[in-house]
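Examining the three-dimensional arrangement
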Amino acid sequence: MDAPETTVIVEEKSGVTLMRFEGDITSFSEAALLGTYRGLPPDEHKSILLDFTKVEYINSSGIALIITMLREASSANQRVHCFGLTPHFKKVFEMVGLLRYTAIHPDEGAGLTALTA
Amino acid sequence: MMAQPKATVELKLPSRLGFEKVAMGTASHVAKLMGFSDPRIEDLKTAVSEACLNAIEHGNKLQESLSVVVILTLDAAMLEVKVIDKGKGVTKKVTAPDMEKKLHGEEASRGLGLFLIENLVDEVEYVSESVEGSYTRLVIHLEKDREVK
């Protein structure tokens, strides 16, 4: 079994940086997820919207990577919001206390509106 | 399916990350056959995945020669999943994650698995170094599922 791949596509929209994830988010995703995030200069990417629409599986190691990203973003005064999570993973994010540190929007439009307000 | 006697499905997985998804998929299919709702199946999938990850990483310490054995036992009322490894078992007390500390770097980002397991299934039991090995036992009840619906 090969390591599951995570693809991250970065887009800019209305001054917001979209990170679109595809595949699983697990311990194998560190390079894709954190590597891509760390390649974005904080001064030029103040608002980041994470797109989970094409993510089917997130495990606790994957959540840990998201926590690490939120920690680094907080230190760099960046705002990070999310959309596209399934109801289950929205519940999981809430369960571990992540909703106090990021917002989950129902869709991309709502996320962009919140981050450009 | 409901009136059937107790049945068992057994899996033997290598201690390699990624194989937890095999157990997760099997548990999902069995739960669906039993009539659990989709949200409960999603909860079970995460709990089984986390129990297997724990067995692979911490129990068998990623030694591929050691197997993680997953035994699913079902009857008319409930589904039990035992995840067995060769480690010392879970002995620490499971506490809620302190996200404030995690986000300030005062606590490791990881360490959420057991907390998720305990909050997603109806019963959890940790047994250390039994004849079978150490195991995590998860149970979900169909009756509870009906209450949720």
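Here, the structure is the one placed above.
Residues numbered from 1 in each chain as written. Chains lettered and ligands numbered in written order. Predicted model: local features only at pLDDT ≥ 70, side-chain atom pairs only at ≥ 80, totals over all residues. Heavy atoms only, no water.

Focus on the pattern of salt bridges
Summed over the entire model, instances satisfying the criterion amount to 17 salt bridges over all chains. The partner of A:E108 in a salt bridge is A:K13, with the nearest N and O atoms 2.6 Å apart. Here A:K13 lies in strand β1 (residues 6-13) and A:E108 lies in helix α4 (residues 108-116), a separation of 95 residues in the sequence. Accessibility expressed as a relative area gives 34% for A:K13, which makes it partly exposed. Note that B:R40 is salt-bridged to B:D122, the shortest N-O span being 2.8 Å. One end of the pair, B:R40, is in helix α2 (residues 38-59); the other, B:D122, is in the loop between α4 (113-120) and β4 (123-127), with 82 residues separating them in the sequence. Judged by relative accessible area, which is 8%, B:R40 ranks as buried. (Salt bridge = Lys/Arg side-chain N within 4 Å of Asp/Glu carboxyl O. Helix = DSSP H or I, 4+ residues; strand = E, 2+ residues; numbered from the N terminus. Buried < 20%, exposed > 50% of the residue type's maximum accessible area, 1.4 Å probe, protein only.)

A look at the nonpolar core
Nonpolar side chains in soluble globular proteins tend to be buried together. In this structure, A:F21, A:F52, A:I63, A:F93, B:V70 and B:L79 are the most contacted members of the largest nonpolar core, which totals 72 residues. Setting aside residues no more than four positions away along its own chain, A:I63 makes contact with A:I58, A:V92, A:F93, A:V96, A:L98, B:L112 and B:L116. Core analysis: the second largest hydrophobic core is formed by six residues, A:L18, A:L49, A:F83 and A:L115 among them. (Core = buried A, V, L, I, M, F, W, Y, C linked by side-chain atoms within 4.5 Å. Contact = heavy atoms within 4.5 Å.)

Details of the layout of surface pockets
Its boundaries defined by the atoms lining it, the largest pocket holds a volume of some 640 Å³. B:N54, B:H58, B:K92, B:G111 and B:L114 are, among the 38 residues lining the largest pocket, the residues nearest its centre. At the level of secondary structure, the elements contributing two or more residues to the lining of the largest pocket comprise α2 (60-75) of chain A together with α2, β3 (78-85), α4, β4 and β5 (134-141) of chain B. When the residues that make up the lining of the largest pocket are grouped by side-chain class, the tally is 14 nonpolar, 13 polar and eleven charged. In this structure, the second largest pocket spans a volume of roughly 190 Å³. What lines the second largest pocket is a set of 14 residues, among which A:E56, A:Y57, B:M24, B:E42 and B:K45 lie closest to the centre. Listing elements by their share of the lining of the second largest pocket, those giving two or more residues are α1 (20-34) and α2 of chain B. For the lining of the second largest pocket, the element with the highest residue contribution is α2(B), accounting for five residues. Looking at side-chain class alone, the lining of the second largest pocket contains four nonpolar, four polar and six charged residues. (1 Å grid on protein atoms, 1.4 Å probe; cavity = no way out; pocket = protein on both sides within 12 Å on 5 of 7 lines; lining within 4 Å. Points joined across faces, edges and corners; volume = space filled by probe spheres on them. Nonpolar A, V, L, I, M, F, W, Y, C, P; charged D, E, K, R; others polar.)

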